[in-house]
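# Architecture at a glance
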Amino acid sequence: MSSMIRPIATRRAFLSASSLSLAACAQRRTRIATALAAPISPRAARVRVSPDRVIRSTVGLRPFRPAGFVVRAEKLDTKTVIHNYGHGGAGITLSWGTAQLAVDLAPRGSVRECAVIGCGVVGLATARLLQELGYSPTIYAREMPPLTTSNLAGGLWEPVSVFDHARVTPEFRRQFAEAARTAFRRYQSFAGEPYGVRWLPLYTLARDRAYITPPPTSPNSEVEPLYPEAGQLTAGRHPFDVPYAHRRHTMLIEPAIYLGALIRDFYAAGGKIVIREFAEARELTGLREELIFNCTGLGARTLFGDSELIPIRGQLVFLLPQPEVDYCTIGPGNIYMFPRRDGILLGGSFDRDVWNTQPDPATTERILRENAALFGSMR
Ligand SMILES: Cc1cc2nc3c(=O)[nH]c(=O)nc-3n(C[C@H](O)[C@H](O)[C@H](O)COP(=O)(O)OP(=O)(O)OC[C@H]3O[C@@H](n4cnc5c(N)ncnc54)[C@H](O)[C@@H]3O)c2cc1C
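To keep things clear, this report deals only with the structure shown in the data block. Small disclaimer: the values here were computed from a predicted structure and weren't measured.

For Gly 314, the position within the fold is in strand β11 (residues 310–319). According to the C-beta neighbour criterion, Gly 314 is buried, with 23 such atoms within 10 Å. The spatial distance from the C-alpha of Gly 314 to the C-alpha of Arg 352 is 9.2 Å, given a sequence separation of 38 residues. When residues no more than four places from it in sequence are discounted, the contact partners of Gly 314 are Gly 60, Arg 62, Gly 347, Gly 348, Ser 349 and Phe 350.

Right under this line is the structure:
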């Protein structure tokens, strides 16, 4: 049973223990997650779901590896290549964290000029971090925003769909937890309109069982304590007609605004972007830069022959924007809703190893039907 239902006394005792470090505080928060002190309104603005409010459907391919993302260095002739790809359904979430891990692998005293291959969220975070550390990166990419997979993401800060549990190694677990913590801290510095990042309550909804916190065997157990004000809600304390609702706070990162802001920051710091496709890894040896960061997402499958890297296809349906909607939902089942400035985003689909990027009308119909049932039955 989840430890979320520990009584409030535990929290009071915990809060009075002033000698605890902040890290310890964060870790214990999970155990007392149901002890929500803040009053929660049982009412919220209803999402208006109907086919005539649809403004577009999109399909993106999550770059997924069962063993998780790759951050490691290798030699390619005289060049040092540092890989940073394969973030699955959480490339936005983890980008600053894996960027930090990747930059930490750069040889000491290496030349300041370097190349970043890829201009999605991972390449941009890596390039910006390099600039902050005094490097002069040039980005080389086949596509830049708005044409990257990163622009087709939902944008919730949540490190999910990143690995298969059976394939997790202790080293990956360490990298994952460190990347998540780094990125969680970093995104908080972007909160506000200019970067399109804001805090919102996230309701996880279910018909069959209460929210279960990740067990200690899961790498996500190290991330769960980061979420503030998290806990199960009893009926009447939330606006949804489902038996189980869990609420926590996280950040919504709007890809169109955020990626545009990163590109502006990159140019303002003197960065250059070159539109160029590399057909094979050997072509990278022709670059003038000796230090190369490979942030090619799903492209790394062909470029570096990583056949473990597969797509998880995801289709989204956007409705007319509703600025009054100020919460996100996940569930029941596979559906989710994020209230973005560019439209109410409805998901979801997770089609493993499917490469088709055309929206499927039957999937659109299902996403609309299931979300209509949820929001149509709100109190
Ligand atoms: C429907 C959907 C919902 C999602 N929701 C979320 C979410 O809520 N939160 C979250 O964190 N993540 C989410 N994701 C996942 C996220 O989109 C990805 O993890 C992320 O975009 C990966 O970023 P990237 O920079 O590695 O790849 P990309 O954005 O694909 O960028 C790769 C870059 O490399 C370049 N490139 C590739 N191959 C070559 C080559 N051979 N030569 C030159 N350039 C090359 C490309 O042109 C591009 O510039 C979602 C994804 C989908 C599809």
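Two elements in contact, helix α3 (residues 91–104) and helix α4 (residues 121–132), have axes whose closest approach is 8 Å; the angle formed by their N-to-C orientations is 40°. When the interaxial angle is binned, α3 and α4 end up oblique. Judged by the sense of rotation from one axis to the other, the crossing of α3 with α4 is right-handed. On the side of α3, the interface is formed by Gly 91, Ile 92, Ser 95, Trp 96, Thr 98, Ala 99, Gln 100, Ala 102 and Val 103, while α4 contributes Val 121, Val 122, Ala 125, Thr 126, Leu 129 and Leu 130. Taken together, the residues of the contact of α3 with α4 break down into ten nonpolar, five polar and no charged.

All right, on to helix α6 (residues 255–268) then. With 14 residues, α6 should cover 20 Å at 1.5 Å per step; its first-to-last C-alpha distance of 19 Å lies within 8% of that length. Among all positions in α6, only Pro 255, Tyr 258, Leu 259, Leu 262 and Phe 266 are buried. For α6, the arc enclosing every buried residue in end-on projection is 95°, short of the 170-degree limit, so these residues lie on one face. Exposed and oriented more than 90 degrees from the buried face of α6 are Arg 264, Tyr 267 and Ala 268. Elements in contact with the buried residues of α6: α3, α4, β6 (197–206) and β8 (244–253).

So, about the site of the ligand. Around the ligand there are 40 residues in total, and Gly 91, Gly 120, Gly 297, Gly 299 and Gly 314 lie nearest to it. The residue inventory of the shell around the ligand, partitioned by class, reads 18 nonpolar, 18 polar and four charged.

Our focus in this paragraph is the pairing of strand β2 (residues 70–76). Both β2 and strand β3 (residues 79–85) contribute to a ladder of seven bridges, which runs antiparallel. Across the sheet, residue Lys 75 finds its bridge partner in β3, namely Thr 80. Two successive antiparallel strands, β2 and β3, enclose a turn made up of two residues, where Asp 77 displays a positive phi of approximately 55°.

What counts and what doesn't
Residues numbered from 1 in each chain as written. Predicted model: local features only at pLDDT ≥ 70, side-chain atom pairs only at ≥ 80, totals over all residues. Helix = DSSP H or I, 4+ residues; strand = E, 2+ residues; numbered from the N terminus. Buried ≥ 20, exposed ≤ 12 C-beta atoms within 10 Å, placed from the backbone. Contact = placed C-beta atoms within 7 Å. Axes fitted to C-alpha atoms, helices over the stretch in contact; angles between N-to-C directions. Parallel < 35°, antiparallel > 145°, perpendicular 65-115°, else oblique. Left-handed = near helix turned anticlockwise from the far one by under 90°. Nonpolar A, V, L, I, M, F, W, Y, C, P; charged D, E, K, R; others polar. Expected span 1.5 Å × (residues − 1). Arc of directions from axis to C-beta. Near = placed C-beta within 6 Å. Pairing = 2+ DSSP bridges.

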